[in-house]
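# Chain and residue survey
Spelled out from the first residue to the last, the chains are:
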Amino acid sequence: ETGVTQSPTHLIKTRGQQVTLRCSSQSGHNTVSWYQQALGQGPQFIFQYYREEENGRGNFPPRFSGLQFPNYSSELNVNALELDDSALYLCASSLGQGNMYTEAFFGQGTRLTVV
Amino acid sequence: ILNVEQSPQSLHVQEGDSTNFTCSFPSSNFYALHWYRWETAKSPEALFVMTLNGDEKKKGRISATLNTKEGYSYLYIKGSQPEDSATYLCARYNTDKLIFGTGTRLQVFP
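Now for a description of the structure that goes with this document. (Residues numbered from 1 in each chain as written. Chains lettered and ligands numbered in written order. Predicted model: local features only at pLDDT ≥ 70, side-chain atom pairs only at ≥ 80, totals over all residues. Heavy atoms only, no water.)

### Looking at the pairing of strand β7 (residues 62–67) of chain B
Residues and elements named next belong to chain B. Sheet topology places strand β6 (residues 56–59) next to β7; four bridges connect them, and they run antiparallel. Looking at β7, one finds that Lys58 is bridged to Ser63. Taken together, β6 and the strand that follows it, β7, pair antiparallel across an intervening segment of two residues, in which Gly60 is found at a positive phi of about 65°. Bridge count for β7 against strand β8 (residues 72–77) is six bridges, and the pairing is antiparallel. (Pairing = 2+ DSSP bridges. Helix = DSSP H or I, 4+ residues; strand = E, 2+ residues; numbered from the N terminus.)

See the structure below:
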């Protein structure tokens, strides 16, 4: 396994609620990216944090927000949950900005179900 | 929008067969292409990061080639084994993010 851990592994929430997903990056990695994988699709980029600052964002509404802490762990927060937010959320850590030349190390994901 | 496409969507082969799949992507402003292997209930694991046109990389029985001018990459598995059963994802690096295809799901039967 990669050393990237995500919690919780599974979660069921009601439409309109808020959720926080957590990710501990691999030791020494200062970049964390979050991806959403809906059924039948590839992972879609949500945003990336580099040294505690947002460093790029995909096509997701503002109710998707994030945070990176001094130890480089990260949180993904989603407000006003919608049924379409049901998906697997993956966290990936890497060293340096972006993943141009370096591989990303993924966690096992958090399966979010919104009912 | 940069579309990364993978084919086939799924593949069933017998143990010992060799197989290959395709990843297609827009060739303009190319920086890097990643291949990941994702076994059920585990996390995606990097296989290769490829950057140069004509790149060929190998890891055991798995190899990959890259053509950045025409925008495609092939992943080959020689002598497939049941433990190769997984979803294989390719992703093109764009600015600050990886853009993934939908993957090829490989099942190898004993």
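Let's pick the thread back up.
### Notes on the side chain of Gln37(A)
Relative to the assigned elements, Gln37(A) resides in strand β4 (residues 31–37). A distance of 2.9 Å separates the side chain of Gln37(A) from the backbone oxygen of Gln41(A), its partner in a polar contact. Beyond its immediate chain neighbours, meaning those up to four positions away, Gln37(A) contacts Gly42(A), Pro43(A), Ala87(A), Leu88(A) and Trp38(B). (Polar contact = N/O pair within 3.5 Å; in protein donor to acceptor, adjacent residues only side chain to side chain. Contact = heavy atoms within 4.5 Å.)

### Topic: the nonpolar core
Of all hydrophobic cores here, the largest spans 23 residues; its most connected members are Trp35(B), Phe48(B), Leu75(B), Tyr88(B) and Leu106(B). Apart from residues lying up to four places away in sequence, Phe48(B) is in contact with Leu33(B), His34(B), Trp35(B), Lys57(B), Lys58(B), Lys59(B), Ile62(B), Ser63(B), Ala64(B) and Leu75(B). Counting 19 residues, the second largest nonpolar core, distinct from the first, contains Val4(A), Tyr49(A), Phe64(A) and Ala87(A). (Core = buried A, V, L, I, M, F, W, Y, C linked by side-chain atoms within 4.5 Å. Buried < 20%, exposed > 50% of the residue type's maximum accessible area, 1.4 Å probe, protein only.)

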